Amino acid sequence: MSPTSSSASDILTADNVIVRFETAEGPITAVDDVSFKVRQGEFLSVIGPSGCGKSSLFNVIGGLLTNHQGTVQVAGETINGPHQSIGMVFQEESTFPWRNVVDNVAFPLELIGMPKAKRIEKARTFIKMVGLDGFEKRFPGELSGGMRQRVSLARTLASEPKILLMDEPFAALDEQTRLLLGDQVLRIQQQLQQTTLLITHNITEAVQMSDRILVMTYRPGKVKRIVDIDLPRPRTSEIVGSEAFGRYVAEIWNDLREEASRGMKDEEEHALHEGTAS
Amino acid sequence: MSAAPARRIALYNLVPPALGLATVVGFFVVMEVLVQTNVINRFIVPPPSEIIGSFGRVIVEEHVFSRFVFTLGECLMAGVMITIFGVAGGFLLYRYKLLQQATETWVAAMAAAPVVLAYPLFMVIFGRSAWTIIMIGFVAALPPVILKTLEGLSGTRKVLVNVGKSFNLTASQQFWKIMFPAALPTMFVGVRLGLIFALINIVGVEFLINYGGLGQLINDLAERYDLPGTYAAICFVILVSVVFFMSLEKAERWLRPVD
Ligand SMILES: Nc1ncnc2c1ncn2[C@@H]1O[C@H](COP(=O)(O)OP(=O)(O)OP(=O)(O)O)[C@@H](O)[C@H]1O
Ligand SMILES: [Mg+2]
C-alpha cells in the first residue's frame, strides 16, 4: 500500500522509514513512517520545524544512519550505507582546510583514481559552475563562508551524484548571500537536470526552488503534506513578488505554523520541567 | 602598482625583527651598565662585553661548533623518535578506547615527571654515551606528542568525518585523507612542545653526566670558574633552540599554508 504508485522515472523511493533514538529521557521517534518518491531531475524541498527529524531522514538516505526501519531505494537498489550515487552537502562548514579549492573539489575524483591533469581540469569546470574561477589556488581559510559553501557544493557535484542531498546548506549565511546562492543552485540544478533534495527552514527559498515541497510534522516527524509548486521556470529571486508565489508561501506557512507552535510549546514545557527539576 | 607602497610594506615587515633585536641589544646594554656600576656583582654575572669577548676563545679553543652539532644531532634524533613513536602511540590510544581510558592519566603524569632524575638508570642501560642522553630526551618528550596526537585525532570535526563517509571512503582512506591531515596542526603543537622538553633534558643530562655537547662544555667552563665562557656557551644553547624553532616554524607554515 504505497502512497503514490511506482513509476519508471522514480529515482528515489523511501518506504515507511522510521528512525528512533535512545536518549537519556527514553526512546524518541525522530522520523515516523515517512514514505515519498522523487522523480529523476526533480527538485524536492523538505521543510519542517526544528527537531522534526529532517536531518535524520537525510542521514538515512545518505547512508550515514543505518539503524532505521523501512527501506530507501535509489534506482531500485536498497540503501544500506553510503552510496556512490548520492552526494551530500552539509549545513556546517565542511571544506578541507588543508587543501586548496581545486584539491578540495577534485577530492572525489582523486578517490576514483583519476589522473591528476584530468581531475584538475574536471574540477575546474565545477569551480567555474559555482562561480569561483580565479580562486582555484586559495585555501578555505582565505574564503568567506558563502564561498566555502560553494566549494563544498562543487566538491559534491564533482562526484556526479545521481541525487544531491543538501541539509540547510545556506543556514549559516547572511540573507543576501543566501538569496544569491539560491539562484545559483537553482541555475546549476536546471543546467545539470540534477535530482536534488533540499532541507530548509526558509519557506520562500523552498517555494522559489522546488517542484514539490514535503512538509513534516513536529514529533514524531511524519509527512504532513506534499505540495506541488506549479510555477513557471526559469525562476529567479524576482518571482518572489508574484501573487501565485505569495499564495504558496501562505499555504505552507499555515501548515507549518501549527507544527512550529506545537514544537515551541513542547520545548517550553521541557525547559520549564528542567527548571523545576534542578 | 607603484613601487613606493610596496617598499613601505617591505619596511613594515622588518619592524618586528628589528624591534626584537633592539630589545636584546637594549638588555645587554642595561646589564653592562648595571655590572660596570657594581649594582650586580661581576663574579655572579660577568659584563656582556666580556661574554661577547670570550666568544672567540670559546669557539676556537673549546670546539664549540662540533659540540653545537653534537647537541643539535641529539635533539634531532630525539625529535625524529618522539614524532614516530608519539604519533603512533597517540593513534593507538585513539584507536583503542580501553587503552586510552587505562593509560591517558599516566601519560599525562609522565609529561610532568622529572625524568632526568632517572639518569643513573639510563646510564646503566646505555652507558655513558649519546644514547643515554637521547633516550632521556626521548622519554621526557614523548608524552606531549602522544597527548596532542590523541587530542588532534579525537577533535576531528564530525562533519569532516561525515564527508568522508558520504564519499564512501575505506577505513584507511578515512584515516589518511581526513583524520590525519585534520589532526596534523595539533600534532605539530605536540612535536614542538616535545622538542622543548627534549632540548631541556638533553642539555641538562649532558651537564649532569659531563658528556657530549654544549651541556658538557657549560659544566667544564663552570668548573674552571670561567664565567664569561659559561655564559657564552649558554648563548650557544639558546642558538640551538632558535635554529630549531625557526625551522619548525618554516615546516609548519609549509604544512598548513593558511588557517
Ligand atoms: N544521535 C542522536 N541521538 C539522540 N537523539 C538524536 C540524535 N540525532 C538526532 N536526535 C534527535 O532526533 C530529533 C530529530 O533530529 P534532527 O536533527 O533529525 O532534526 P532536524 O529536523 O534536522 O532539526 P533542525 O531543523 O534543528 O536541524 C531531535 O529531537 C534530536 O534531538
Ligand atoms: Mg537538521
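Everything here concerns the structure above.
Residues numbered from 1 in each chain as written. Chains lettered and ligands numbered in written order. Predicted model: local features only at pLDDT ≥ 70, side-chain atom pairs only at ≥ 80, totals over all residues. Heavy atoms only, no water.

Residue and element names in this part refer to chain B. Turning to its location among the elements, Asp226 is positioned in the loop between helix 9 (214-223) and helix 10 (227-255). The class for Asp226 is buried, based on a relative accessible area of 13%. Within the local environment of Asp226, its side chain forms a polar contact with the side chain of Arg57, the two groups lying 2.5 Å apart. Contact partners of Asp226, with chain neighbours within four places excluded, come to Arg57 and Leu221. (Helix = DSSP H or I, 4+ residues; strand = E, 2+ residues; numbered from the N terminus. Buried < 20%, exposed > 50% of the residue type's maximum accessible area, 1.4 Å probe, protein only. Polar contact = N/O pair within 3.5 Å; in protein donor to acceptor, adjacent residues only side chain to side chain. Contact = heavy atoms within 4.5 Å.)

The subject of this paragraph is the sheet that holds strand 3 (residues 43-47) of chain A. All names here are of chain A. The strand order across the open sheet built from six strands is 6-7-8-3-9-10, with neighbouring strands paired in mixed fashion. At either margin of the open sheet sits one strand with a lone partner, and together these are strand 6 (86-89) and strand 10 (223-228). If you compare each strand with its neighbour and ignore which way they point, the axes differ by 15 degrees on average. Bridge analysis of strand 7 (residues 163-167) against strand 8 (residues 195-200) gives five bridges, and the strand direction is parallel. Bridge assignment links Leu165 to a residue of strand 8, and that residue is Leu197. Together, strand 3, strand 6, strand 7, strand 8 and strand 9 (212-216) form the strand contacts of helix 1 (residues 54-61), whose direction differs from that of strand 8 by roughly 155 degrees. Packing against the sheet, helix 5 (residues 145-158) makes contact with strand 6 and strand 7, and its axis sits at approximately 175 degrees to strand 6. (Pairing = 2+ DSSP bridges. Axes fitted to C-alpha atoms, helices over the stretch in contact; angles between N-to-C directions.)

Residues and elements named next belong to chain A. Of all five residues in strand 3, five are buried; the element is thus mostly enclosed. Along strand 3, one buried face is formed by Phe43, Ser45 and Ile47 and the opposite face, lined by Leu44 and Val46, is buried too. Pairing geometry for strand 3 and strand 8, over five bridges, is parallel. Bridging across to strand 8, Ser45 finds its partner in Leu198. Two elements, strand 3 and strand 9, share four bridges in a ladder whose sense is parallel.

Here the focus is helix 8 (residues 171-209) of chain B. All names here are of chain B. Taking 1.5 Å as the rise per residue, helix 8 with 39 residues should run 57 Å; its terminal C-alpha atoms sit only 47 Å apart, a clear shortfall. A maximum bend of about 50 degrees is found in helix 8 at Leu184, where proline Pro185 lies one to four positions downstream. Just downstream of helix 8 lies Asn210, where phi reads positive at about 50 degrees. (Expected span 1.5 Å × (residues − 1). Bend = angle between axes of the 7 residues up to and from the residue.)

Side chains that are nonpolar tend, in soluble globular proteins, to be buried together. Core analysis: the largest hydrophobic core is formed by 51 residues, its most contacted members being Leu214(B) and Leu217(B). If you list the elements that add at least two residues to this core, you get helix 2 (48-61), helix 3 (64-95), helix 6 (130-154), helix 8, helix 9 and helix 10 of chain B. Considering each element in turn, this core owes the most residues, 14 residues, to helix 8 of chain B. Residues contacting Leu214(B), with those up to four places away along its chain left out, are Val64(B), Arg67(B), Phe68(B), Thr71(B), Glu206(B), Phe236(B), Val237(B) and Val240(B). Of all hydrophobic cores here, the second largest spans 41 residues; its members include Ala30(A), Val31(A), Val34(A) and Phe36(A). (Core = buried A, V, L, I, M, F, W, Y, C linked by side-chain atoms within 4.5 Å.)

Moving on: the environment of Thr149(B). All names here are of chain B. Take Thr149: it is sitting in helix 6. Here Thr149 falls in the buried class, since its relative accessible area comes to 0%. Distance in space between the C-alpha atoms of Thr149 and Phe122 is 27 Å, their sequence separation being 27 residues.

A word on the packing of aromatic side chains. Counted under the stated rule, the structure contains 13 aromatic pairs over all chains. When the centroid spacing of 6.2 Å and the interplanar angle of 85 degrees are considered together, the rings of Phe65(B) and Phe236(B) count as edge-to-face. Separated by 171 residues along the polypeptide, Phe65(B) in helix 3 and Phe236(B) in helix 10 bring together distant segments of the chain. Exposure remark for Phe65(B): the relative accessible area of 48% places this residue in the partly exposed category. With a centroid separation of 6.4 Å and an interplanar angle of 70 degrees, the aromatic rings of Phe70(B) and Tyr211(B) are classed as edge-to-face. Of this pair, Phe70(B) sits in helix 3 while Tyr211(B) sits in the loop between helix 8 and helix 9; the two residues are 141 residues apart in sequence, bridging distant segments of the chain. One aromatic cluster is present, formed by Phe96(A), Trp98(A), Phe107(A) and Phe167(B) through successive ring pairs. For the cation-ring pair, Arg95(B) lies above Tyr96(B), with the distance from its terminal atom to the ring centre recorded as 5.0 Å. Geometry around Tyr94(B) places Lys97(B) over its ring, the cationic atom sitting 4.8 Å from the centre. (Phe/Tyr/Trp six-rings, centres within 6.5 Å; stacked < 30°, edge-to-face > 60°. Lys NZ or Arg CZ within 6 Å of the ring centre and 35° of its normal.)

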